[in-house]
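Coordinates in review
For reference, the chains in residue letters:
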Amino acid sequence: MTSTTHDGFNLNVVEKLMSNGHNHLHVQDKYVFPPGERPDMSQVCTSYAVPVIDLKDLDGPHRVKVINDIRRACEEDGFFQIMNHGVPETVMKSMMDIAKEFFEMPVEDRVSLYSEDPKQAVRVSTSFNVTKDKFFDWRDYLRHPCHPQEEFINSWPQKPALYREVAGKYAKEIRALVLRLLAAISEALGQDSDYLNEIFGKHTQVLHINYYPACPNPDLTFGVAPHSDPRGITVLMQGDLSGLQVLKDGKWVAVEPIPNAFVVNLADQLQVISNGRFKSAEHRAVTNTSTARISIPTFYGPSFDAFIAPAASMVIEEHPALYRGYKFEEYMAAFWSQGLKGKSILDRFKIQVSP
Ligand code: OGA
Ligand code: NI
């Protein structure tokens, strides 16, 4: 027994969390993916790297060149890394350190935040969506909304003592970066720089911390199973341990960490708005035998009341609308209604063309 908690419910939660000090020591059956769905590291491509885009010139006379680089990455990969992004290294490091501290506290300090209900916006949970997952992901996570910050900060974790201050600073920096990226991506789509900002309505920003313990058998498990992110754009701090992989032309490619860079990936709403010209790339995270890995994605996108549809300028005779329009909350309800399954949610919003 590692738990000193006497309350039956909390003891139950302690046993559900990966970060309880012992669940990661052997692979329980629920974490074992069936043979055809396992990572198969021998097939991971090592000869390709996703584009690296230097944002140094984004706000200067060479903006057009950077926008062109971003357009190409959005069309061909849906994934890129960014350097000279403007977020101070000290802010990144403090966030990574406090995330580690959060998951290294005694498990009892996390159980009060535990929930299996995706509607619980501030929560600690495990796997993806345990009431729907067929096979469990090898991770715990903490997530909470961040924007507008005044509205949410009082619901964030109170431990570690500096959590709110550190995460608050990080979230503000990430939002400023995302707004610059949204302007650039709007221009890459041939729109004014405010285009995506306006479509996203009041915007949502979710800070999410993944904690992947070392795993005795990475061949059988996923840190997170293949999926695309459902919102608009994801800005991920992946720390210095590899594990993230992206599907490119049918092959899994490792996204190797670059110190102080962020990984940016387009999420489903940008594939819809661009009418399929830009891709939300399918990705996954694998586990490793030696070290716990922490990654910190920020999921940024429309507010629930925003209406999403292919941009009128992207719907032309040769490219009829691929997706129907919908309120964003309908998309998110579909996302949380099942386990992670590649890009299957996006398919549900496709316009069916009769043969
Ligand atoms: C995610 C995700 C990748 C990683 O949490 O949606 O894709 O590297 N994480 O942790
Ligand atoms: Ni993801």
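As a starting point, this report considers the structure included with it. All of these numbers come straight from a predicted model, not from anything done at the bench.

Overview of empty space enclosed by the protein
The final tally for this structure, using the stated rule, is 3 cavities of 30 Å³ or more. If you add up the space inside the largest cavity, you get close to 310 Å³. What lines the largest cavity is a set of 28 residues, and nearest its centre among them are Arg139, His227, Asp229, His283 and Phe299. Those elements that provide at least two residues to the lining of the largest cavity are strand 4 (140-145), strand 5 (204-212), strand 6 (224-227), strand 7 (233-237), strand 11 (283-285), strand 12 (293-301) and helix 8 (328-335). Among the elements that make up the lining of the largest cavity, the one with the highest residue count is strand 12 (4 residues). Empty space within the second largest cavity amounts to approximately 50 Å³. Along its surface, the second largest cavity is lined by His227, Ser228, Asp268, Phe335, Gln338, Gly339, Leu340, Lys341, Gly342, Ser344 and Ile345. Among the residues forming the lining of the second largest cavity, the class breakdown is 3 nonpolar, 6 polar and 2 charged.

Remarks on the site of ligand 1
Around ligand 1, 13 residues are found, and the nearest of them are Asn210, Tyr212, His283, Arg293 and Ser295. Residue His283 places a side-chain N or O atom 2.9 Å away from an oxygen atom belonging to ligand 1. Here an oxygen atom of ligand 1 sits 2.8 Å away from a polar atom, N or O, in the side chain of Arg293. With the chains in place, 96% of the 290 Å² that ligand 1 exposes on its own is no longer accessible. At a threshold of 2 Å from the grid points, most atoms of ligand 1 map onto the largest cavity. Counting residues per element, the ones that place at least two in the shell around ligand 1 are strand 5, strand 6 and strand 12. In terms of residue count, the dominant contributor to the shell around ligand 1 is strand 12 (4 residues). Across the shell around ligand 1, the residue classes break down as 6 nonpolar, 4 polar and 3 charged.

Focus: the sheet that holds strand 12
Across the sheet, 8 strands lie side by side as 1-2-10-7-12-5-4-3; this open sheet has mixed pairing. Only two strands of the sheet have a single neighbouring strand rather than two, namely strand 1 (52-54) and strand 3 (123-126). Shown here is a sheet whose adjacent strand axes are inclined to one another by a mean of 25°, direction ignored. Both strand 7 and strand 12 contribute to a ladder of 5 bridges, which runs antiparallel. The residue bridging Met237 from the neighbouring strand is Ile296, located in strand 12. With respect to the sheet, helix 3 (residues 89-104) is in contact with strand 3, strand 4, strand 5, strand 7, strand 10 (262-266) and strand 12, its orientation differing from that of strand 12 by roughly 115°. Packed on one face of the sheet, helix 5 (residues 163-188) meets strand 2 (79-83), strand 4, strand 5, strand 7, strand 10 and strand 12 and runs near 135° to strand 7.

Rules behind the numbers
Residues numbered from 1 in each chain as written. Chains lettered and ligands numbered in written order. Predicted model: local features only at pLDDT ≥ 70, side-chain atom pairs only at ≥ 80, totals over all residues. Heavy atoms only, no water. 1 Å grid on protein atoms, 1.4 Å probe; cavity = no way out; pocket = protein on both sides within 12 Å on 5 of 7 lines; lining within 4 Å. Points joined across faces, edges and corners; volume = space filled by probe spheres on them. Helix = DSSP H or I, 4+ residues; strand = E, 2+ residues; numbered from the N terminus. Nonpolar A, V, L, I, M, F, W, Y, C, P; charged D, E, K, R; others polar. Near = heavy atom within 4 Å. Polar contact = N/O pair within 3.5 Å; in protein donor to acceptor, adjacent residues only side chain to side chain. Areas by Shrake-Rupley, 256 points an atom, 1.4 Å probe, with all protein chains shown as cover. Sits in = over half its atoms within 2 Å of the grid points. Pairing = 2+ DSSP bridges. Axes fitted to C-alpha atoms, helices over the stretch in contact; angles between N-to-C directions. Contact = heavy atoms within 4.5 Å.

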